[in-house]
Each structure stands twice: as structure tokens, then as C-alpha cells.
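Tertiary structure, described
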Amino acid sequence: MALRAADRLKVVLNHLDRSGVAVRTSFTSAQNLSHHHPEALQYTFDTDVLSPEQRLAYEENGFILIKNLVSEEDINRFRKEFECICKGDVKIPGLLVMRDVSIAKSEFVQGEKAVTKLQDFQEDPELFRYCTLPQILRYVGCFTGPNIMAMHTMLINKPPDTGRKTSRHPMHQDLHYFPFRPADRIVCAWTAMEEVSRKNGCLVVLPGTHKGTLQEHNYPEWEGGVNKMYHGIQNYNHSHPRVHLEMGKGDTVFFHPLLIHGSGMNRTQGFRKAISCHYASADCHYVDVKGTTQENISKEVEELARKRIGSDITISFQDSWALRGRLVQGDRTSL
Ligand SMILES: CC(C)CC(=O)SCCNC(=O)CCNC(=O)[C@H](O)C(C)(C)COP(=O)(O)OP(=O)(O)OC[C@H]1O[C@@H](n2cnc3c(N)ncnc32)[C@H](O)[C@@H]1OP(=O)(O)O
Ligand SMILES: Nc1ncnc2c1ncn2[C@@H]1O[C@H](COP(=O)(O)OP(=O)(O)OP(=O)(O)O)[C@@H](O)[C@H]1O
Ligand SMILES: O=C(O)CCC(=O)C(=O)O
Ligand SMILES: [Fe+2]
Ligand SMILES: [Mg+2]
């Protein structure tokens, strides 16, 4: 007899729950337990960090929110460092400072009010401390396993919208940007650096979409313009349930790279701040994206590398990730 996937999960979790807490289940055949156990939990490892309920939630939804994971003191330090970078007091090799497209050509906006995002802070010891926080890595290991690479780092400073709606981030899957697999061994940690709500443009996720495949991404046709490399999925199911992730300072969401997500407009006058890192198992391998839907982004990244480094050296899409990735736990086995 074939069990529905959700029933199988409940059966497996019931079996896994060694603490004796009752997990409601619709099926209890011992024979089916052993038979279905290995295939049912695809997205998480049994590490004694996530409770059975938390594992089930990630398996079903593709994300899990942990409250109050990063201390106020750490966040204040990241914020200070961000200010120093924006003022030009610190120069970090490889760091990319992005301005919002609506003010990119303005000479009047200076300092942190001009910055919408820092990318690639792996050479900044102060900001990179975020990626090595033990309480974050404990959770990351539940998804990646023990060998962990920090692949992609960002500090997002979503600006007050200028009225052109450019502060939105279109709905997308982060895997679009990554030429490595398997997807299930990649996870993003995203920490709110202050209260984030629907008003200042919190994350919006489509629960369960991590079970789907990678979709085609392009620039959305938005009247007010779109930020460079902010590709989006054009034809996702607009009637799929949406969840707005309202979070407090220090709350952290871990999410799967196929989970469809974006963020809304910032309707406040403050700059909505978040810090994030994409981790992958060091056992992942690079894939060739030629002839796939990822070819468009790979060409943009290669073009950017040529602009920044010079056209005499070719840095492939894969190389650009191998150069930025940093081992944060275990052994650098492959990536
Ligand atoms: C999972 C994860 C990976 C998902 C994501 O992160 S999605 C977003 C990823 N975004 C990126 O990686 C952005 C990469 N950033 C960049 O490519 C650069 O910062 C640029 C946007 C090209 C700016 O380059 P840069 O040379 O430093 O700045 P310039 O002031 O000289 O501007 C060069 C030309 O680019 C334009 N520009 C600047 N900022 C933006 C913008 N935000 N959106 C669109 N166009 C922009 C700027 O107006 C200028 O144009 P022209 O004067 O050449 O026509
Ligand atoms: N017209 C649109 N086409 C495609 N995607 C959109 C469109 N409008 C919003 N989105 C996407 O939906 C997500 C939520 O954006 P939106 O600005 O609607 O925020 P919101 O938090 O839902 O706010 P609201 O309170 O207005 O519903 C973002 O990822 C955004 O890019
Ligand atoms: O902080 C945000 O607005 C979301 C950013 C995001 O999803 C991304 O850069 O991939
Ligand atoms: Fe994203
Ligand atoms: Mg809306």
C-alpha cells in the first residue's frame, strides 16, 4: 500500500522521537516504518539539534525560523562595521558595494544611505564572524552535514522606497545563482538586524516550493526599473499561499535554496537591515550550467568579473564561487 508523503513523514517522526513525546500519526505499521524511513527525511540530518517537529516543519515547508539566535551585542558590532565600510574608513578586498538602481546615478546620496547591499564580505573578519557563530553552525550542520563552506555573504540594507518600487526583491530561488549541487545540502541563514515587518519589507516565502525544481529566472518587467542581477520567476503560482516572515532583532531563518521567496517594498523611512550567509556542504560538486536556465546569470557574473579584474583573465562562474567560498567547519573535501 502506498502512503501519502505527509503520512510517511508523520510515521517516520513518530519512530524517530526517542524522547517519548507523542507525535500524532495516521499510520503505525512497524513494517512500513523501517521500509519508509530512509527516503522520507530528505532535507535534514538527525543531529540532536532540531526537534522532530522542527525537522518535520523544514521537510514540509523548506524553512525554519529560530527566534533570538544572534545576540544584540553581535548585531550592534555588525552594524558598526557596516557604517565604517560605508564611510570608507575600512576597505575590504573583494567586497561589492551595491547602490539601489533608483539612486545609482545620483551624486547627492552619500554614505550608508546610498548602499542597498554589501556582498562578499568573506575578507572582513568582523562581518565574517557572523558566518562562524557556533549557534548558527549548529543549525547549518542539520542541513549540510559536518563539512561546511560559507559560500555567499550579504548584508542587506533595504532602503526606503523612492516611489519606484525598486526596493522590492522579486520572487526567486537562490539556487539560480549557484553552480553547485546537491541543492538539499545548501542552506541560507538570514538574520534580522532589527524588527522586520511587512511595513519595511520582510521576507515573503512560498512554503513547500523547495520540493519543486529550479525555475527559469529573468528580469521582471517593472516600470521603475530593477536592480542589477535581481532576477525573478515570472510565472510562479500567484495563488500559492504566501507567508510574511515578520522577525525580531536576532531572529534567524534557515531556508532551502529552491524555496521561492522575495521581499516587499520598504514603506518606512528606515533602512531595513539583515545579514546572511549561504552555506553548502564542502562535499558538494560544481556543475556546468551551459544550456540550462542558469546560463543567463552565469554570463552576467562572468561579465562582472571581466569588468572588475580585467579581460585578460577568465574567471568562470564556478571559479567565482570557489574563490569566494571559505571553510567554516570540517574539511574542504570538494568545493
Ligand atoms: C542568492 C544571492 C546570490 C541572490 C542575490 O544576491 S541577487 C542580487 C545579486 N546582485 C548582485 O550580485 C549585484 C552585483 N553588483 C553589481 O554588479 C555592481 O554593483 C553594479 C550594479 C554593476 C554596479 O557596479 P559598479 O561598477 O560598482 O558601479 P557604478 O556606479 O560604476 O555603475 C556602473 C553602471 O551600473 C549601473 N548601476 C549601478 N548600480 C546599479 C544597480 N543597483 N542596478 C542596476 N544598475 C546599476 C550604473 O548606473 C552604471 O550604469 P552606466 O552609467 O554604465 O549606464
Ligand atoms: N507585480 C508584481 N509582480 C511580481 N512580483 C511581485 C509584484 N508585486 C510584488 N511582487 C513580489 O512579491 C513580494 C512581496 O512584495 P510586496 O511589495 O507585495 O510586499 P508585501 O509585503 O506583500 O506588501 P503588501 O502589504 O503590499 O501586500 C516581493 O518579492 C515582490 O517582489
Ligand atoms: O533581504 C532580502 O530582501 C532578500 C534578499 C534575497 O533574497 C537575496 O539576496 O537572495
Ligand atoms: Fe534570495
Ligand atoms: Mg503585496
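The present account deals with the structure reproduced in this document. (Residues numbered from 1 in each chain as written. Chains lettered and ligands numbered in written order. Predicted model: local features only at pLDDT ≥ 70, side-chain atom pairs only at ≥ 80, totals over all residues. Heavy atoms only, no water.)

**Topic: the overall build of the protein chain**
Short version of the rule: Note on conventions: DSSP H or I runs of at least 4 residues are helices, E runs of at least 2 residues are strands, and numbering of each starts at the N terminus. Partly exposed describes any residue whose relative accessible area lies between the buried limit of under 20% and the exposed limit of over 50%, with all areas from a 1.4 Å probe on protein chains only and scaled to the type maximum. Two residues qualify as a contact provided that any one of their heavy atoms is within 4.5 Å of a heavy atom in the partner residue. The Shrake-Rupley method, run with a 1.4 Å probe, gives the accessible areas here. Residue values count only the displayed protein chains as cover.
In terms of regular secondary structure, the protein chain is built from eight helices and 16 strands. Taken over 335 residues, the protein chain has a buried fraction of 54%. Taking contacts inside the protein chain between residues at least 6 apart in sequence as the whole, the part at least 24 apart equals 83%. Approximately 15700 Å² of the protein chain is accessible, and the part contributed by carbon and sulfur atoms is 51%.

**With respect to the nonpolar core**
Worth spelling out the cut-off: We define a nonpolar core as any set of buried Ala, Val, Leu, Ile, Met, Phe, Trp, Tyr and Cys residues linked to one another through side-chain atoms lying within 4.5 Å.
In terms of nonpolar packing, the biggest core is built from 40 residues, with Tyr-130, Ile-136, Phe-254 and Tyr-279 touching the most fellow members. Sorting elements by how many residues they give to this core places helix α6 (residues 134-144) first, with six residues. Counting residues in hydrophobic clusters, the runner-up holds 19 residues, among them Phe-180, Ile-186, Ala-280 and Cys-284.

**Some details on the site of ligand 3**
This is how it is decided: Only heavy atoms are used to decide nearness, and a residue is near a molecule or strand if one of them lies within 4 Å of it. Under the rule applied, a polar contact is a pair of N or O atoms within 3.5 Å (in protein, one hydrogen donor and one hydrogen acceptor; residues adjacent in sequence only if both atoms are side-chain atoms). Side-chain classes are defined by residue name, with Ala, Val, Leu, Ile, Met, Phe, Trp, Tyr, Cys and Pro counting as nonpolar, Asp, Glu, Lys and Arg as charged, and the others, Gly among them, as polar.
Inspection of the region around ligand 3 gives Lys-117, Met-154, Ile-156, His-169, His-172, Asp-174, Trp-190, Leu-203, His-261, Ser-263 and Arg-272 as its neighbouring residues. The contact in question runs from an oxygen atom of ligand 3 to an N or O atom on the side chain of Ser-263, over 2.6 Å. Protein contacts shield 95% of the accessible area of ligand 3, which totals 290 Å² for the unbound molecule. Residue assignment for the shell around ligand 3 shows that the elements contributing at least two residues are β4 (148-158), β5 (169-172) and β13 (261-263). Residues that form the shell around ligand 3 fall into these classes: four nonpolar, four polar and three charged.

**Considerations on the environment of Trp-222**
Looking at where Trp-222 falls in the secondary structure, it is placed in the loop between β9 (217-218) and β10 (232-233). The exposure class of Trp-222 is partly exposed, given its relative accessible area of 25%. For Trp-222 and Thr-166, which are 56 residues apart along the polypeptide, the C-alpha to C-alpha distance reads 8.4 Å. Apart from the residues lying within four places of it in its own chain, the contact partners of Trp-222 are Lys-165, Arg-168, His-169 and Pro-170.

**With respect to helix α8 (residues 317-324)**
Note that an α-helix has 3.6 residues per turn; residues three or four places apart therefore point the same way. Put simply, the rule reads: Here the arc refers to the set of directions running from the helix axis out to each C-beta atom.
Of the residues making up α8, those classed as buried are Phe-317, Gln-318, Ser-320, Trp-321 and Arg-324. Axial view of α8: buried residues confined to an arc of 160 degrees, hence all on one face. Its buried side turned inward, α8 meets β4, β6 (180-181), β15 (285-286), α7 (295-309) and β16 (326-329).

**So, the coordination of the iron ion (ligand 4)**
Test applied: Note that water is not among the atoms considered, so a metal site may appear incomplete; the donors listed are N, O and S atoms within 2.8 Å of the metal, with 3.2 Å applied to Na, K and Ca.
Donor atoms from the polypeptide that coordinate the iron ion (ligand 4) comprise His-172 (NE2), Asp-174 (OD) and His-261 (NE2), at 2.1 to 2.2 Å from the metal. Summarised as a motif, the one-chain spacing of the donors to the iron ion (ligand 4) is H-x1-D-x86-H. Of the two residues, His-172 sits in strand β5 while His-261 sits in strand β13, which places them 89 residues apart along the sequence.

**Remarks on the pattern of salt bridges**
The line we're drawing: What counts as a salt bridge is simple: a side-chain nitrogen of Lys or Arg found within 4 Å of a carboxyl oxygen of Asp or Glu.
Taken as a whole and judged by the stated rule, the model has twelve salt bridges. The salt bridge partner of Asp-74 is Arg-129, with a shortest N-O separation of 2.9 Å. Residue Asp-74 is found in helix α4 (residues 72-87), and its partner Arg-129 is found in helix α5 (residues 125-132); the two are separated by 55 residues along the sequence. Overall, Asp-74 belongs to the buried group, its relative accessible area being 11%. Members of the salt-bridge network, linked through shared partners, are Asp-74, Arg-77, Glu-126 and Arg-129.

**Let's talk about a positive patch on the surface**
This is how it is decided: The residues that make up patches have over 30% relative accessible area and no salt bridge, and they are joined within 9 Å when like-charged or within 5 Å when they are Val, Leu, Ile, Met, Phe, Trp or Tyr. Under the counting rule used here, the positive set is Lys and Arg, the negative set is Asp and Glu, and His together with the chain ends is not counted. Charged groups are reduced to one reference atom each: NZ for lysine, CZ for arginine, CG for aspartic acid, CD for glutamic acid.
A contiguous patch of positive charge, built from Lys-165, Arg-198, Arg-242 and Arg-267, is present on the exposed surface. One can find Arg-242 in the loop between β10 and β11 (243-245). Classification of Arg-242 by relative accessible area gives partly exposed; the value is 46%.

**So, the packing of α4 against α5**
How we decide: Throughout, an axis means a line fitted to C-alpha atoms (over the contacting stretch in the case of helices), and angles, computed between N-to-C directions, take values from 0 to 180 degrees. Working rule for handedness: look at the near helix, and if it is turned counterclockwise from the far one by less than a right angle, call the crossing left-handed; if clockwise, right-handed.
Interhelical geometry of α4 versus α5 gives an angle of 145 degrees and a closest axis separation of 9 Å. Note on packing geometry: the crossing formed by α4 with α5 is left-handed. Contacts from Asp-74, Arg-77, Phe-78, Glu-81 and Ile-85 in α4 reach Glu-126, Leu-127, Arg-129 and Tyr-130 in α5. Looking at side-chain class alone, the contact of α4 with α5 contains four nonpolar, no polar and five charged residues.

**Digging into the pairing of β4**
Regular strands place side chains that alternate from one sheet face to the opposite one. Using the following cut-off: Any two strands between which DSSP finds at least two bridges are classified as paired.
Across the eleven residues of β4, eleven count as buried, placing the element largely inside the fold. Sheet topology note: the strand β3 (residues 115-119)/β4 ladder contains three bridges and is antiparallel. When the sheet's bridge partners are listed, Gln-119 is paired in β4 with Met-154. Note that β4 and β16 share three bridges and pair antiparallel. The residue bridging Ile-148 from the neighbouring strand is Gln-329, located in β16. Sheet analysis places β4 next to strand β14 (residues 272-281), joined by ten bridges and oriented antiparallel.

**Overview of unusual backbone geometry**
Residue Pro-182 is bonded to the preceding Arg-181 through a cis peptide linkage, with omega at 0 degrees. Counting through the fold element by element, Pro-182 comes out in the loop between β6 and β7 (186-192). Phi is positive for Lys-165, which is not a glycine, with a value near 65 degrees. Structurally, Lys-165 is set in the loop between β4 and β5. What makes Lys-165 partly exposed here is its relative accessible area of 40%.

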